[in-house]
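The primary structure of each chain is shown beneath.
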Amino acid sequence: MSWEIAIERAINNNVPKVYKILEEYPYILDLAKRLREVKMKVLSNLEEYIEQTLEAVKKTGGNAYFVRDAKEARELVGKIVGKGKIVVMGKSMVAYELGIRKYLTSLGNEVWETDLGEFLIQLSDEPPSHILAPAIHLTKERIAKLLKEKLGFDVSENSTHEELVQKVREFLRNKFFSANVGITGANAVAADTGSVVLVENEGNIRMSTVVPPVHIAITGVDKIVPTLHDAIIEALVQAAYGGLYPPTYINITSGPSTTADIEMKRVSPAQGPKEFHLILVDNGRIEASKDEILREALLCIRCGRCHLHCPVYRVLGGSWGDPPYSGPMGAMWSYIVYKDPKPAMYCTHSGNCKDVCPMKIDIPRVLEYIKYLGNKSAQS
Amino acid sequence: MLGKLIYENLQKYGFPYPIDKRICSGWAKGVPKNNSTILYTSCMYQTASLNDFYSKLIPYAEKLSPFFFLGKFIRPKKEELDRAYSILNKIASLLKKNGIEFGYLYEEEPYSGAILLELGYLDEFKSYAKQVYEFFKSRGIKRIITVDPHTHNALKRYSEFIQFDIEVVSYLELIKDVKGITNETFVIHDSCLYSRFLNLRDTYRSLIKKGGIKIVEDNMITGKDTAYCCGSPVKAVNFELSEKIARARAEQLMRLSKNVLVVCPMCYANLSKYVGNIKDLAEVIE
């Protein structure tokens, strides 16, 4: 019953809001159209754009890596972070996909998710139930109980949303200022400048990218766009279709912090991180980019709108798909990164998802194709 | 393998599961057999009420296959069949009233292959579509009038798989002159395929309006991209999920009206358990 209440509240809060945003800021529709075109350009020639991005990051004084799979990713992050460190993580579904948090913890690091939703997921030790709002399945009442039980916070069922957020704020502020490493994902990566663009509202990503001396951004190669201009567009479009517009913060990170305040000579570091690392992850994406139908799935900008319009997600919630991927986009991504065709089988081709997708991904058609691939492999 | 089994049944029985084809053709009296335009039922209205029964057997289908011939003795309940027949007769008379002439293939009418497409058995769908097309060609058929969204969708997609040059049109596009025969206020449960894939949402909405039928809309429940599915398409994959979706949808609809209007026999079959008064569009117009 708790899921039904939580999803009903989330739908009623979010769905009308997205319609209103698109009506009030109609230029978003043009930006989304342009974004689809430039992303498609990258996906049609992904390997070249990966090379270009890696080079561009190095030019900014950052380190850039390409990893094939989750194991390579974990080893690399483990090498950069080391042991006995405090690590703060901005929300990254790719980091979840790769098992980064649990791996770093197993190495003896103290790791904290700092996005409120992810923080609650970490405390409850449950998989995320929505790509944008990972704790969508938790009601306010359950969250209060969780905070009280796990961290001893002085909160109750009657605590307001504001009171719960305030308690977490106090707790996490200490972690930010003592952290050695900040790990984030990326909403977009610009191939021309090597910049990572992140959109958010909480401020936790800005803190994670600036306060600790080391910043690691880890993301899928599907997030590459040709230019920094395109990357900012992706952030704006994602925020609008996610129902949070204007976004409170858009962060651009191009390498480690620098200053040119002494004789206009640019030196690094200044106040922000002294090290910047970008890790670009394949994990099935390049192979998918070579398939005309699966390539469509890589256009996804993770706004999570398709979830809230899908009759199957409404019933099954986060259990539909392989974590962290759920809902219609998650049924596609479960196949791309885990080669699991089962979630696609649950698609009822209601088609709402394709109608509300900012990237105009024909999700039912992609899922039909994954059903086909799944059926074929079951046959053989 | 389900796809293979369905494909074999299509070869043996002309339907995804064994059935007495007279059940499919029983509605038609006096419709000519030969005409280059046909009314095409794909036996969907006639068998929709058997969907639950056969979907429950799917997990055991391979073990049960030696007994499939017994399926010939399984019939829909009389009241279900009578209702389906009266809907098909109503559609036929609406077409005639609008000056459309057509034939019907009776027991020779093939199934469309929709289930193969929807379950992702695309190789089997392609090969079956070719057979259906060749059959239609051999009968000189130039135009097919469909009566349900799943069949319409399957035929509209034939050309993605095979060379297909037969016109496919829904009866909803051909009837212009209609009159409502109900005073009740309805909430429309849209067909996903008509509404979001086949561009027919406004076609039946304008017929409903023209017929003077009172409807109640709510953008969060009956909006083009908020209206949910009835759950039927996933029944063959997960029966329980299908029922949960149906129940959730019925609850939403009944917040607006206790009278629900559908345009698809599968939506009717899946929602009717949870909705008191549910009608097909063809039942409320003349």
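> Can you lay out the interface of chain A and chain B for me, pointing to particular residues and giving the numbers?
Counting residues at the interface gives 32 residues for chain A and 34 residues for chain B. Summed over both sides, the interface between chain A and chain B buries roughly 2,800 Å², with carbon and sulfur atoms accounting for 58% of that surface. By the criterion of area lost to chain B, the three top residues of chain A are A:H349, A:E368 and A:Y372, representing 20% of everything that side buries. For the interface between chain A and chain B, the tally reads 4 salt bridges. Ionic pairing is found between A:D355 and B:K224, a salt bridge with its closest N-O pair at 3.0 Å. The interface formed by chain A and chain B contains 17 residue pairs in polar contact (both at pLDDT 80 or more).

> Explain the packing of aromatic side chains residue by residue, including any values.
Summed over the entire model, instances satisfying the criterion amount to 22 aromatic pairs over all chains. Summarising the aromatic geometry, the rings of B:Y158 and B:F164 are spaced 5.1 Å apart at their centres and angled 80° between planes, so their arrangement reads as edge-to-face. Each member of the pair, B:Y158 together with B:F164, is buried. Ring geometry for B:Y194 and B:Y204: centres 6.0 Å apart, planes at 50°, overall tilted. With B:Y194 in helix α11 (residues 192-196) and B:Y204 in helix α12 (residues 201-210), the pair connects residues that are 10 residues apart, well separated along the chain. Three or more aromatic residues joined by ring pairs make a cluster, and in this case those are B:F15, B:Y17, B:F53, B:Y54 and B:Y111. A cation sits over an aromatic face here: A:R302 above A:W333, 4.1 Å from the ring centre. Positioned above the aromatic ring of B:Y268 is the side chain of B:R83, whose terminal nitrogen or guanidinium carbon lies 3.2 Å from the ring centre.

> So what's going on with the pattern of salt bridges? Which residues, and what values?
Applying the stated rule across the entire model yields 43 salt bridges over all chains. For the salt bridge of B:E167 with B:R143, the shortest nitrogen-to-oxygen distance reads 3.4 Å. Residue B:E167 is located in strand β3 (residues 167-170), and its partner B:R143 is located in strand β2 (residues 143-146); the two are separated by 24 residues in the primary sequence. When its relative accessible area of 21% is taken as the criterion, B:R143 is described as partly exposed. Each member of the salt-bridge network shares a partner with another, and the members are A:E97, A:D222, A:R285 and A:R302.

> For the domain arrangement of chain A, give the residues involved together with the corresponding values.
Residues and elements named next belong to chain A. You can read the domains of chain A as domain 1 (2-283) and domain 2 (288-379). Using C-alpha coordinates to define each centre, domain 1 is positioned 22 Å away from domain 2. The interface is formed by 38 residues belonging to domain 1 together with 34 residues belonging to domain 2. The contact between domain 1 and domain 2 buries some 3,100 Å² in all, and 62% of this surface belongs to carbon and sulfur atoms.

> Account for the sheet that holds strand β7 (residues 277-280) of chain B, with residues named and values stated.
Residue and element names in this part refer to chain B. Spatially, 4 strands are ordered β5-β4-β6-β7 in an open sheet, and the strand pairing comes out parallel. Looking at the sheet topology across the chains shown, the edges are occupied by β5 (214-215) and β7. Relative to strand β6 (residues 259-262), strand β4 (residues 185-188) is paired through 2 bridges, and the arrangement is parallel. Considered in β6, the bridge of V187 is made with V260.

> Requested: an account of the sheet that holds strand β10 (residues 275-281) of chain A, with residues and values cited.
Residues and elements named next belong to chain A. Pairing is parallel across the open sheet formed by 6 strands, whose spatial order is β1-β10-β7-β4-β2-β3. Two strands in the sheet have a free side with no partner beyond their single neighbour: β1 (63-67) and β3 (110-113). Looking at each pair of strands side by side, their axes are set apart by 20° on average, direction ignored. Sheet topology note: the β1/β10 ladder contains 5 bridges and is parallel.

Definitions and cut-offs
- Residues numbered from 1 in each chain as written.
- Chains lettered and ligands numbered in written order.
- Predicted model: local features only at pLDDT ≥ 70, side-chain atom pairs only at ≥ 80, totals over all residues.
- Heavy atoms only, no water.
- Contact = heavy atoms within 4.5 Å.
- Buried area = accessible area lost by both parts, 1.4 Å probe.
- Salt bridge = Lys/Arg side-chain N within 4 Å of Asp/Glu carboxyl O.
- Polar contact = N/O pair within 3.5 Å; in protein donor to acceptor, adjacent residues only side chain to side chain.
- Phe/Tyr/Trp six-rings, centres within 6.5 Å; stacked < 30°, edge-to-face > 60°.
- Buried < 20%, exposed > 50% of the residue type's maximum accessible area, 1.4 Å probe, protein only.
- Helix = DSSP H or I, 4+ residues; strand = E, 2+ residues; numbered from the N terminus.
- Lys NZ or Arg CZ within 6 Å of the ring centre and 35° of its normal.
- Domains from an automatic or database assignment.
- Pairing = 2+ DSSP bridges.
- Axes fitted to C-alpha atoms, helices over the stretch in contact; angles between N-to-C directions.

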